[in-house]
Amino acid sequence: MSQHLRGEYDRQFAHIRDDLLRMGTLVDQSIVKALESLQKRDRPLAQRVIDEDEAINALRFKIEEACLALIATQQPTATDLRAVVAAMSIVIEMERMADHAAGIAKTVILMGDEPLLKPLIDIPRMVKLAREMLQGSLDAYVACNADEAREIANRDDEMDFLYQAVFEELLEIMASKPGSVQRATFLMWCAHNLERIGDRVTNIAERVIFVSTGDMRELNV
Amino acid sequence: MVNDNHTQKMMVRDLTFYYGPIQALSWISMEILECQVTALIGPSGCGKTTFLRCLNRMNDTIPDTRLEGEVLLDGEDIYSPGVDLVDLRQRVGMVFQRPNPFPQSVFDNVAFGPRVLGLTHGRSELEAVVEQSLRRATLWDEVKDHLSSDALELSLGEQQRLCIARVLAVEPEVILMDEPTSALDPIATLEIEELMRQLREQYTIVVVTHNMQQAARVSDKTGLFWLGELVEFDDTATIFTRPKEERTEAYITGRVG
Ligand SMILES: Nc1ncnc2c1ncn2[C@@H]1O[C@H](COP(=O)(O)OP(=O)(O)O)[C@@H](O)[C@H]1O
Ligand SMILES: [Mg+2]
């Protein structure tokens, strides 16, 4: 019975969800392009990642506004209400992820023509993981599936592990090779941005669990 | 609430209305867009019903009333001399607060308008119109096996949808609804609201409601009436998230009215 009585809520929420997934795709592309600009030392591409951040910010505000209008006009309750409120948090997390991608791009520009200190190994792995986590968290949101969300949040340990590995390796290089500090720091910034992206995904996973169960506990603390 | 480019269906300009010496509406201007739901809210006695009835000249029959201003339907003033009232009310239909089916069969209720206006030729054409109208009013499945039962045996919610089917049967362009759910229980209310949403694909709807949550849920545009004035008129999402007028803010947050 309830299905046909809430057509308008469903229609409006479907728009929000579509925009949210579109935003996810844009953020994913920013992360990919940021890595590519680092690998190829492509400063124009890095600049594009920075410029495209505007579009992602705009989408965030558009979605937040649509959520406010949906709450004010359709008066969602229970799971519906939590899903709309969660969408508002999720777009903020995604907007920040795009900022982290832009952070990598800014580092690429700062690096200029300096050769990389070492071949990129763990950083591409972190990117791959970040993308899988982002995609997985959005899938879990759409499916409203707390178990999927918990799995995604658990993968943040892999991210922290990779970050730790990069960190230690770079520290070692810095200690042994005087004059490498600046170039090591550039890579450290890149890795740090990716590690933060993992934390943002964990926040999204928390919101999904909240939607699905009403439980607001923090994960991975 | 996608705002594609809707064309103007009705336009009200500087409408003022008097019951004898009492001014019930002051200088109301409002554009009503095609295939949208326009909701009118405001405290009781502020002129919503009066305004609605001006849109198809239902106030003409009340003695000692006076109207100034213009009400355009597809650009033509419905108050200009020579306008055929039967034709006007076929194009601009009205659904009332309390369901008011005739004490006749379900079929005859819906067939009433087409019969009186001579819109159909022959029984099978009439049956087709009745079925289509009941389907559009989302009532067909419930009544298709009892078309000859007395309409008054239906539940109130079904009776109201029957009244909507009766209006639809004469192929209106605009449907006016005056508090169409105030006599209904919450589920029947939501059914009518969802019906309005479906109808707006094809018809232009103006609905008066004392329930502002309902206005928020069903409408594309909302107008707030206050003591015979139109205080604010805007997209429903705007009215309910960031109204411009203090009186609107006060009314929709429940701090007055
Ligand atoms: N037939 C009438 N004769 C005289 N005054 C009327 C009549 N109908 C309504 N009014 C007055 O006009 C004002 C607006 O009424 P109405 O349009 O019914 O308001 P609403 O629908 O917002 O409750 C009220 O003051 C009411 O008393
Ligand atoms: Mg009234």
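Refer to the structure above for everything that follows.
Residues numbered from 1 in each chain as written. Chains lettered and ligands numbered in written order. Predicted model: local features only at pLDDT ≥ 70, side-chain atom pairs only at ≥ 80, totals over all residues. Heavy atoms only, no water.

1. With respect to the overall build of chain B
Counted only if it meets this: Secondary structure is summarised from DSSP: a helix means a run of H or I of at least four residues, a strand means a run of E of at least two, and numbering begins at the N terminus for each. Taken over C-alpha atoms, the radius of gyration is set against a globule rule of 2.2 Å times the number of residues to the power 0.38. Relative accessibility thresholds used throughout: buried, under 20% of the residue-type maximum; exposed, over 50%; partly exposed, between the two (1.4 Å probe, protein chains only). Here, residues are in contact when the closest pair of their heavy atoms is within 4.5 Å. Residue burial considers only the protein chains on display, and all accessible areas are found by Shrake-Rupley using a 1.4 Å probe. Just so you know, the count uses Lys and Arg for positive and Asp and Glu for negative, and it drops His and the chain ends. Note on charges: their place is set at NZ of Lys, CZ of Arg, CG of Asp or CD of Glu.
On a plain count of helices and strands, chain B comes out with 10 helices and 10 strands. Since a compact globule built from 257 residues should have a radius of gyration of about 18 Å, the 18 Å found for chain B is in line with a globular shape. The burial tally for chain B puts 54% of its 257 residues in the buried class. Within chain B, residue pairs in contact and separated by at least 24 positions form 67% of the contacts whose partners lie at least 6 positions apart. A total of about 11300 Å² of accessible surface is found on chain B, and carbon and sulfur atoms cover 49% of it. On chain B, the mean spot of the 24 positive side-chain charges and the mean spot of the 40 negative ones are 1 Å from each other.

2. Some thoughts on the overall build of chain A
Along chain A, the regular secondary structure elements total seven helices and zero strands. Going residue by residue from the N terminus, the α and β elements of chain A occur as α-α-α-α-α-α-α. Each principal axis of the C-alpha distribution contributes one length, and for chain A these read about 70 × 35 × 20 Å. By residue count, 51% of the 221 residues in chain A fall in the buried class. Considering only intrachain contacts with a sequence separation of at least 6, the fraction spanning at least 24 residues in chain A is 83%. Carbon and sulfur atoms make up 54% of the accessible area of chain A, which amounts to about 10300 Å² in all.

3. With respect to the pattern of salt bridges
Worth spelling out the cut-off: Here, a salt bridge means any side-chain nitrogen of Lys or Arg that lies within 4 Å of a carboxyl oxygen of Asp or Glu.
One pass over the structure, following the stated rule, counts 40 salt bridges over all chains. Between B:Arg123 and B:Glu127 there is a salt bridge; the shortest N-O distance is 3.0 Å. Placement of both B:Arg123 and B:Glu127 in helix α4 (residues 123-136) is noted, with a separation of four residues, approximately one turn of the helix. Taking relative accessible area as the criterion, B:Arg123 reaches 48% and is therefore assigned partly exposed. Owing to a relative accessible area of 38%, B:Glu127 belongs among the partly exposed residues under this scheme. With its nearest N and O atoms 2.7 Å apart, the salt bridge here joins B:Asp235 to B:Lys221. Residue B:Asp235 is found in strand β10 (residues 229-235), and its partner B:Lys221 is found in strand β9 (residues 221-226); the two are separated by 14 residues along the sequence. Here the residues in one salt-bridge network are A:Glu8, A:Arg11, B:Glu194, B:Arg197, B:Arg200 and B:Asp220, joined through shared partners.

4. Looking at the packing of aromatic side chains
Residue and element names in this part refer to chain A. To be explicit about the condition: Think of it this way: a Phe, Tyr or Trp ring, Trp meaning its six-membered ring, pairs with another when their centres are within 6.5 Å, and the plane angle makes it stacked under 30 degrees, edge-to-face over 60, tilted otherwise.
Taken as a whole and assessed by the stated rule, the structure comprises seven aromatic pairs over all chains. Between the aromatic rings of Phe-186 and Trp-189, the centroid separation amounts to 5.8 Å while the plane-to-plane angle is 65°, which identifies the pairing as edge-to-face. Here Phe-186 and its partner Trp-189 are both found in helix α7 (residues 181-213), three residues apart, which amounts to about one turn of the helix. Residue Phe-186 is classed as buried on the basis of its relative accessible area, which comes to 5%. The class for Trp-189 is partly exposed, based on a relative accessible area of 42%.

5. Comments concerning the interface of chain A and chain B
We apply this condition: Buried area is a sum: the accessible area each of two parts loses on coming together, probed at 1.4 Å, counted once for each and added. Under this definition, polar contacts are N or O atom pairs within 3.5 Å; protein pairs additionally need one hydrogen-donor-capable and one acceptor-capable atom, and for neighbouring residues in sequence, both atoms have to be side-chain atoms. Here the nonpolar group is Ala, Val, Leu, Ile, Met, Phe, Trp, Tyr, Cys and Pro; Asp, Glu, Lys and Arg are the charged ones; every other residue, Gly included, is treated as polar.
Across the boundary between the two partners, chain A contributes 16 residues, which contact 15 residues of chain B. Buried area between chain A and chain B, both sides added, is near 1200 Å², and the carbon and sulfur share of it is 59%. Linking chain A to chain B there are three salt bridges. Taking the shortest distance from any N to any O, the salt bridge between B:Arg197 and A:Glu8 comes out at 3.4 Å. Joining chain A to chain B, the criterion identifies eight residue pairs in polar contact (both at pLDDT 80 or more). For the side of chain A that touches chain B, the secondary-structure elements that each account for two or more residues are α1 (7-40) and α2 (43-74) of chain A. For the side of chain A that touches chain B, the element with the highest residue contribution is α2(A), accounting for six residues. Taken together, the residues of the side of chain A that touches chain B sort by class into five nonpolar, seven polar and four charged.

Geometric descriptors of this kind do not, in isolation, establish any biological role.
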